Amino acid sequence: MVDPRGLRFAAVVTSVVLAVVTLTASGWLLLAQTAVFLTGAVLGVRWAPYGLLYRILIRPRLGPPAELEDPQPPRFAQAVGAAFGAVGTIGFLAGVPGLGYTATALAFVAAFLNAAIDFCLGCQIYLAIRSVKGVHA
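The text that follows walks through the structure, step by step, so that each part is easy to find. Computed from a prediction, not measured in an experiment: that's the story for all the values here.

Before going further, it helps to spend a moment on helix 6 (residues 121-132). Here helix 6 contains twelve residues, and its C-alpha end-to-end distance of 17 Å stays within 8% of the 16 Å for a straight helix at 1.5 Å per residue. Inspection of helix 6 places Gly122, Cys123 and Tyr126 among the buried residues, and these make up the whole buried set. Along the axis of helix 6, the buried residues cluster in a sector spanning 105 degrees; they form a single face. Packing partners of the buried residues in helix 6 comprise helix 4 (72-93).

In structure tokens:
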């Protein structure tokens, strides 16, 4: 189980990084963010760089969370972010900026929704897929 405040912190940092990518068209920065997404998808959100930063620097200064969250939906969301990040990176680095901007913008919208209103789009997609498959939490 994970602290949902850490997930939201990660979404804020991700939103800032993706906004900078959008302003600079930096395929290399997007590649770094894609590596962050991949780490969260493969190792879990607790071990992703922003999750570690939250756990080490911020969580000790807060009280315990009111509730904990299942890490699987956010982990799926990280995988989706990695896919969009990979497509965007390829676009920027291959000289197809429209592809880079489009993929980055879509990832930014998802991260910003989580950061601003605590709505994890990737998590909702994960839950919808599980529902269609007939798997319930």
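More follows now that the structure is in view.
Applying the stated criterion to the full structure yields one disulfide. Each disulfide pairs two cysteine sulfurs, and for Cys120 the partner residue is Cys123, the sulfurs being separated by 2.3 Å. Taking the sign of the S-S torsion, 70 degrees for the link of Cys120 and Cys123, the bridge is right-handed. The two residues Cys120 and Cys123 agree in class, both being buried.

Quick look at the layout of surface pockets now. Estimates place the volume of the largest pocket at around 760 Å³. When residues of the lining of the largest pocket are traced back to their parent elements, those giving at least two are helix 1 (4-24), helix 2 (27-43), helix 3 (49-58), helix 4, helix 5 (97-117) and helix 6. Counted by class, the lining of the largest pocket contains 26 nonpolar, nine polar and six charged residues.

By the element assignment, Thr34 lies in helix 2. For Thr34, a relative accessible area of 5% puts it in the buried group. With residues up to four places along the chain from it excluded, the contact list for Thr34 reads Ala82, Gly85, Ala86 and Thr89.

Reading the values: the criteria
- Residues numbered from 1 in each chain as written.
- Predicted model: local features only at pLDDT ≥ 70, side-chain atom pairs only at ≥ 80, totals over all residues.
- Heavy atoms only, no water.
- Helix = DSSP H or I, 4+ residues; strand = E, 2+ residues; numbered from the N terminus.
- Expected span 1.5 Å × (residues − 1).
- Buried < 20%, exposed > 50% of the residue type's maximum accessible area, 1.4 Å probe, protein only.
- Arc of directions from axis to C-beta.
- Contact = heavy atoms within 4.5 Å.
- Disulfide = S-S within 2.5 Å.
- 1 Å grid on protein atoms, 1.4 Å probe; cavity = no way out; pocket = protein on both sides within 12 Å on 5 of 7 lines; lining within 4 Å.
- Points joined across faces, edges and corners; volume = space filled by probe spheres on them.
- Nonpolar A, V, L, I, M, F, W, Y, C, P; charged D, E, K, R; others polar.

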